[in-house]
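Structure assessment
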Amino acid sequence: GAVSASMNMVGNIGAAISAIAFLLFADANHFFFTAAALNVVSIGCWCLMNPYAAPGTGRPAKQVRVRFAAMITFIFLLTGVAVGYNIYRAYKKNSGAATAAPVQVVEPEGKPAAAGR
């Protein structure tokens with residue numbers, strides 16, 4: 001149960017981060033190429049696992065907890081940076097539109113439009 005729960009949690013975190021990361025890419029193709037590259041890296045990591053290692057011969061529990069805390073901290077920092085960057089981009093985009101020159105509406109006779117329009 002603990003292994004499948006951990007796999008489910010990491011999968012959900014990855015899904016949330018990929019939804020945020022999608023907005024950082026200029027083109028959808030770049031996002032999918034990056035996702036494919038990450039899949040190739042995960043295949044490599046999977047191939048390096050040793051299924052014949054005896055249980056309990058891994059790292060001490062304290063070291064596992066420290067690495068897990070570091071991984072979760074990194075994920076939250078990465079997510080915060082991505083969200084902050086998107087907010088910054090939206091702010092810059094909106095502030096640039098506010099400084100644009102006003103558009104003057106011209107009536108069909110060639111006279112400027114009334115101020116209320």
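Computed from a predicted structure; not experimentally measured.

Looking at the overall build of the chain
- Per the secondary structure count, the chain includes three helices and zero strands.
- For the chain, the proportion of its 117 residues judged to be buried stands at 6%.

Notes on the packing of aromatic side chains
- Under the defined criterion, the tally for this structure stands at three aromatic pairs.
- Aromatic side chains Phe22 and Phe31 sit 4.9 Å apart centroid to centroid with 85 degrees between the ring planes, which places their arrangement in the edge-to-face category.

A look at the environment of Gly80
- The residue Gly80 is located in helix 3 (residues 61-98) in this model.
- Residue classification places Gly80 among the partly exposed positions, given a relative accessible area of 44%.
- Sequence separation between Gly80 and Ile20 is 60 residues; the distance between their C-alpha atoms is 9.9 Å.

Description of a nonpolar patch on the surface
- Residues Met9, Val10, Phe68 and Met71 make up a contiguous nonpolar surface patch of roughly 310 Å² in combined accessible area.
- For the nonpolar patch, the secondary structure elements donating two or more residues are helix 1 (2-21) and helix 3.
- Mapped onto the elements of the fold, Met9 is located in helix 1.
- Met9 gets classed as partly exposed once you look at its relative accessible area, which sits at 30%.

Looking at the confidence of the model for the chain
- Looking at the chain as a whole, the pLDDT averages 78, with 80% of positions reaching at least 70.
- The least confident element of the chain is helix 3, whose mean pLDDT is 81; the most confident is helix 2 (residues 28-47), at 84.

Some words on the state of the cysteines
- Evaluated as defined, the whole model comprises zero disulfides.
- Left without a disulfide partner, Cys45 is nearest to the cysteine sulfur of Cys47, which lies 9.3 Å away.
- In this structure Cys45 comes out as partly exposed when scored by relative accessible area, which is 47%.
- Assessed through its relative accessible area of 60%, Cys47 is described here as exposed.

Remarks on the environment of Phe31
- With respect to the element layout, Phe31 can be found in helix 2.
- Sequence-wise, Phe31 and Ala21 are ten residues apart; in three dimensions their C-alpha atoms are separated by 8.1 Å.
- Those residues in contact with Phe31 that sit more than four places away from it in its chain are Ser18, Ala21, Phe22 and Phe25.

Conventions used here
- Residues numbered from 1 in each chain as written.
- Predicted model: local features only at pLDDT ≥ 70, side-chain atom pairs only at ≥ 80, totals over all residues.
- Heavy atoms only, no water.
- Helix = DSSP H or I, 4+ residues; strand = E, 2+ residues; numbered from the N terminus.
- Buried < 20%, exposed > 50% of the residue type's maximum accessible area, 1.4 Å probe, protein only.
- Phe/Tyr/Trp six-rings, centres within 6.5 Å; stacked < 30°, edge-to-face > 60°.
- Patch = residues over 30% accessible without salt bridge, like charges linked within 9 Å, V, L, I, M, F, W, Y side chains within 5 Å.
- Areas by Shrake-Rupley, 256 points an atom, 1.4 Å probe, with all protein chains shown as cover.
- Salt bridge = Lys/Arg side-chain N within 4 Å of Asp/Glu carboxyl O.
- pLDDT = per-residue confidence, 0-100.
- Disulfide = S-S within 2.5 Å.
- Contact = heavy atoms within 4.5 Å.

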